[in-house]
Amino acid sequence: MKKLITFVWISLFCILSLSAQERKANRDKIKALKIAYLTEQLNLTPSEAEKFWPIYNIHDKKKRFFRNKIRSEIEKVTKENGVLNAVSEEDAERLVSLKLSTEKKIYKAHENFIDELKNIISYKKIIKLEIAEMEFGRKLMKRYRSKKGK
């Protein structure tokens, strides 16, 4: 019996480990596709790319951090209450305030990002970047939906 339980735990650990590795591989693949897509759309010179990507990566990391923070807080409150309808008005108010303050931080980070970028690439390329990011997101979602439907 002990051997069976040990086997089940080891198997479960391996499956979860493989699942986590697969998610990381998928994230890395998406990141590589995004880099290639943005590089192509922006038509960066080698000099621009050398200065652009470190700044972009830092900004992207900040954005993800802020978005994950609010998402995890909403998930935490939802788990504690079972369903969103059971969340107290005080918790809901706190979440809305957190969401607003997080959006302000994201906006401020984006402002700083643009200030740094304008010294590296032209304003036209900054606009192209904004459009390319939106298009990449749309294409990614379209691809995801088509795979999910199969």
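Coordinates for the structure precede this section.
Quick look at the structure, then. Owing to the predicted nature of the structure, the values given are computational and were not obtained by experimental measurement.

1. What to know about a nonpolar patch on the surface
A surface patch of nonpolar side chains, about 280 Å² in accessible area, is lined by Ile127, Ile131 and Met134. Mapped onto the secondary structure, Met134 falls in helix α4 (residues 123-149). A relative accessible area of 46% means that Met134 is categorised as partly exposed.

2. Quick look at unusual backbone geometry
Of note, the phi angle at Asn43 is positive, near 55°, even though the residue is not glycine. Following the sequence through the fold, Asn43 ends up in the loop between α1 (2-42) and α2 (46-81). Exposure remark for Asn43: the relative accessible area of 59% places this residue in the exposed category.

3. Structural notes on α2
With 36 residues, α2 ought to run about 52 Å at 1.5 Å a step, and its terminal C-alpha atoms sit 52 Å apart, in line with that. Residue Phe52 marks the point of greatest curvature in α2, where the axis turns by about 30°; the proline Pro54 follows within four residues.

4. Here we look at the side chain of Glu73
Turning to its location among the elements, Glu73 is positioned in helix α2. Since its relative accessible area comes to 18%, Glu73 is described here as buried. Setting aside its immediate chain neighbours within four residues, Glu73 contacts Arg94, Leu95 and Leu98.

5. Examining the side chain of Lys63
Looking at where Lys63 falls in the secondary structure, it is placed in helix α2. Setting aside anything within four residues of it in sequence, one finds Lys63 in contact with Ile106 and Glu133.

6. Considering helix α3 (residues 89-117)
Here α3 contains 29 residues, and its C-alpha end-to-end distance of 41 Å stays within 8% of the 42 Å for a straight helix at 1.5 Å per residue. For α3, the set of buried residues is Leu95, Leu98, Thr102, Ile106, Ala109, Phe113, Ile114 and Leu117.

7. Concerning the packing of α2 against α3
Direction vectors running N to C along α2 and α3 enclose 175°, while the axes themselves pass 10 Å from each other. Accordingly, the angle class assigned to the pair α2 and α3 is roughly antiparallel. Taken together, the residues of the contact of α2 with α3 sort by class into 13 nonpolar, 4 polar and 10 charged.

8. Observations regarding the nonpolar core
With 18 residues, the main nonpolar core has Phe52 and Leu129 as its most contacted residues. Of all elements in the fold, only α1, α2, α3 and α4 reach the threshold of two or more residues within this core. With 5 residues, the single largest contributor to this core is α2. Discounting chain neighbours no more than four positions away, the residues touching Leu129 are Leu38, Leu42, Phe52, Tyr56, Phe113 and Leu117.

9. What to know about the environment of Asp60
Of note, Asp60 is situated in helix α2. Of the residues examined, Asp60 reaches a relative accessible area of 13% and is grouped as buried. C-alpha separation for the pair Asp60 and His110, spaced 50 residues apart in sequence, amounts to 9.4 Å.

10. Thoughts on the packing of aromatic side chains
Here the structure, examined in full by the defined rule, presents 6 aromatic pairs. Between Tyr37 and Phe136, the aromatic rings sit 5.8 Å apart at their centres with planes inclined by 40°, giving tilted as the arrangement. Of this pair, Tyr37 sits in helix α1 while Phe136 is found in helix α4, placing the two residues 99 residues apart along the sequence. Overall, Tyr37 belongs to the buried group, its relative accessible area being 13%. Taking the centre distance of 5.4 Å and the plane angle of 80° together, the rings of Trp53 and Tyr56 count as edge-to-face. In this pair, Trp53 and Tyr56 are both assigned in helix α2, 3 residues apart and thus about one turn of the helix distant. Here Tyr56 falls in the buried class, since its relative accessible area comes to 3%.

Reading the values: rules and limits
Residues numbered from 1 in each chain as written. Predicted model: local features only at pLDDT ≥ 70, side-chain atom pairs only at ≥ 80, totals over all residues. Heavy atoms only, no water. Patch = residues over 30% accessible without salt bridge, like charges linked within 9 Å, V, L, I, M, F, W, Y side chains within 5 Å. Areas by Shrake-Rupley, 256 points an atom, 1.4 Å probe, with all protein chains shown as cover. Salt bridge = Lys/Arg side-chain N within 4 Å of Asp/Glu carboxyl O. Helix = DSSP H or I, 4+ residues; strand = E, 2+ residues; numbered from the N terminus. Buried < 20%, exposed > 50% of the residue type's maximum accessible area, 1.4 Å probe, protein only. Expected span 1.5 Å × (residues − 1). Bend = angle between axes of the 7 residues up to and from the residue. Contact = heavy atoms within 4.5 Å. Axes fitted to C-alpha atoms, helices over the stretch in contact; angles between N-to-C directions. Parallel < 35°, antiparallel > 145°, perpendicular 65-115°, else oblique. Nonpolar A, V, L, I, M, F, W, Y, C, P; charged D, E, K, R; others polar. Core = buried A, V, L, I, M, F, W, Y, C linked by side-chain atoms within 4.5 Å. Phe/Tyr/Trp six-rings, centres within 6.5 Å; stacked < 30°, edge-to-face > 60°.

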